[in-house]
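Here's the letter readout for the chains.
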Amino acid sequence: MRRLVSCVLLLSSFALAPGCATYTQDLDRARSHYEANRFEQALSLFRALEHDMDSFSLPERAQYAYLRGMTDYRLAELAPQGTGVADPRKGYRDNARHWLGLAAAIEKQTPGGVTSEQKIRLTETLADLNRDVYGGAEALPETGAAPDAAPQPDAAPESPADAPEAPAPTL
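Residues numbered from 1 in each chain as written. Predicted model: local features only at pLDDT ≥ 70, side-chain atom pairs only at ≥ 80, totals over all residues. Heavy atoms only, no water.

Participant: Is there a simple way to explain the packing of aromatic side chains in this structure?
Facilitator: Given two aromatic rings, one states the distance between the centres and the angle between the planes to describe the pair. Evaluated as defined, the whole model comprises four aromatic pairs. Within the aromatic cluster, the residues linked to one another by ring pairs are Phe 46, Phe 56, Tyr 64 and Trp 99. (Phe/Tyr/Trp six-rings, centres within 6.5 Å; stacked < 30°, edge-to-face > 60°.)

Right under this line is the structure:
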């Protein structure tokens, strides 16, 4: 009887083994959802995998972070505009910036996890997302000169001695 039970358990374990997916297979499945523009399904897989990120190799972590960030970025474009705290676009864009920044940091530390095409897209997307946080850096001069090298006509004088005298108030 013990022998029969152990045989049944052994055979059932072989039958169930192909049904168990590895983290890499789940990452590949999430990537295929992303590439097929099924961003909601991709995001749900990425969220399920997030707690097991340490099981990935460094190149896989870079891929995970890149794909997760790009998924959030794409969902931000599709989300309806909200107001204030309830703005789903802002939430997706914040998450996208986090994950893409992480992908860039991993790729900088150990190159090879992100393809050259993905690196270009990563750089452009991070620049767009960073404008949300840092604002209009495009207003700075590109010549490399210090921003205060040429005084602006509306700028306040540097010291009180340089200020023109104000006319005396009339009573």
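Participant: Quick question: what am I supposed to make of the packing of helix α2 (residues 23–35) against helix α3 (residues 39–49) here?
Facilitator: Describing two packed helices takes the angle between their axes plus the distance from one axis to the other. The interhelical angle for the contact between α2 and α3, taken along N-to-C directions, is 155°, at an axis separation of 7 Å. One element, α2, and the other, α3, form an angle in the roughly antiparallel class. Of the two elements, α2 crosses α3, and the hand of that crossing is left-handed. Listed contacts from α3 to Tyr 23, Asp 26, Leu 27, Arg 29, Ala 30, His 33 and Tyr 34 of α2 are Phe 39, Gln 41, Ala 42, Leu 45, Phe 46 and Leu 49. Partitioning the contact of α2 with α3 into residue classes produces nine nonpolar, two polar and two charged. (Axes fitted to C-alpha atoms, helices over the stretch in contact; angles between N-to-C directions. Helix = DSSP H or I, 4+ residues; strand = E, 2+ residues; numbered from the N terminus. Parallel < 35°, antiparallel > 145°, perpendicular 65-115°, else oblique. Left-handed = near helix turned anticlockwise from the far one by under 90°. Contact = heavy atoms within 4.5 Å. Nonpolar A, V, L, I, M, F, W, Y, C, P; charged D, E, K, R; others polar.)

Participant: Help me understand α2 in this model?
Facilitator: For the α-helix, the turn length of 3.6 residues means that residues three or four positions removed from each other point alike. With 13 residues, α2 extends 18 Å between its outermost C-alpha atoms, agreeing within 8% with the 18 Å of an ideal straight helix rising 1.5 Å per residue. Within α2, the full set of buried residues consists of Asp 26, Leu 27, Ala 30, His 33 and Tyr 34. Projected onto a plane normal to the axis of α2, the buried residues spread over an arc of 120° and lie on a single side. If you follow the buried residues of α2, they end up packed against α3 and α4 (58–78). Two residues or fewer after α2 comes Asn 37, characterised by a positive phi angle close to 60°. (Expected span 1.5 Å × (residues − 1). Buried < 20%, exposed > 50% of the residue type's maximum accessible area, 1.4 Å probe, protein only. Arc of directions from axis to C-beta.)

Participant: When you look at the pattern of salt bridges in this model, what are you seeing that I'm missing?
Facilitator: It is possible for side chains bearing opposite charge to pair when their charged atoms get close. Tallied over the entire structure, the rule returns 11 salt bridges. Arg 29 is paired through a salt bridge with Asp 26; the nearest N and O atoms lie 2.8 Å apart. Here Arg 29 pairs with Asp 26, and both are found in helix α2, just three residues apart, close to one helical turn. Owing to a relative accessible area of 42%, Arg 29 belongs among the partly exposed residues under this scheme. (Salt bridge = Lys/Arg side-chain N within 4 Å of Asp/Glu carboxyl O.)

Participant: Would you mind going over the nonpolar core with me for this structure?
Facilitator: Across soluble globular proteins, nonpolar side chains have a tendency to be buried as a group. With 25 residues, the main nonpolar core has Phe 46, Tyr 64, Tyr 66 and Leu 100 as its most contacted residues. Those elements that provide at least two residues to this core are α2, α3, α4, α5 (88–109) and α6 (116–134). Not counting residues within four places of it along the chain, the set of residues in contact with Leu 100 comprises Ala 65, Tyr 66, Gly 69, Met 70, Leu 122, Thr 125, Leu 126 and Leu 129. (Core = buried A, V, L, I, M, F, W, Y, C linked by side-chain atoms within 4.5 Å.)

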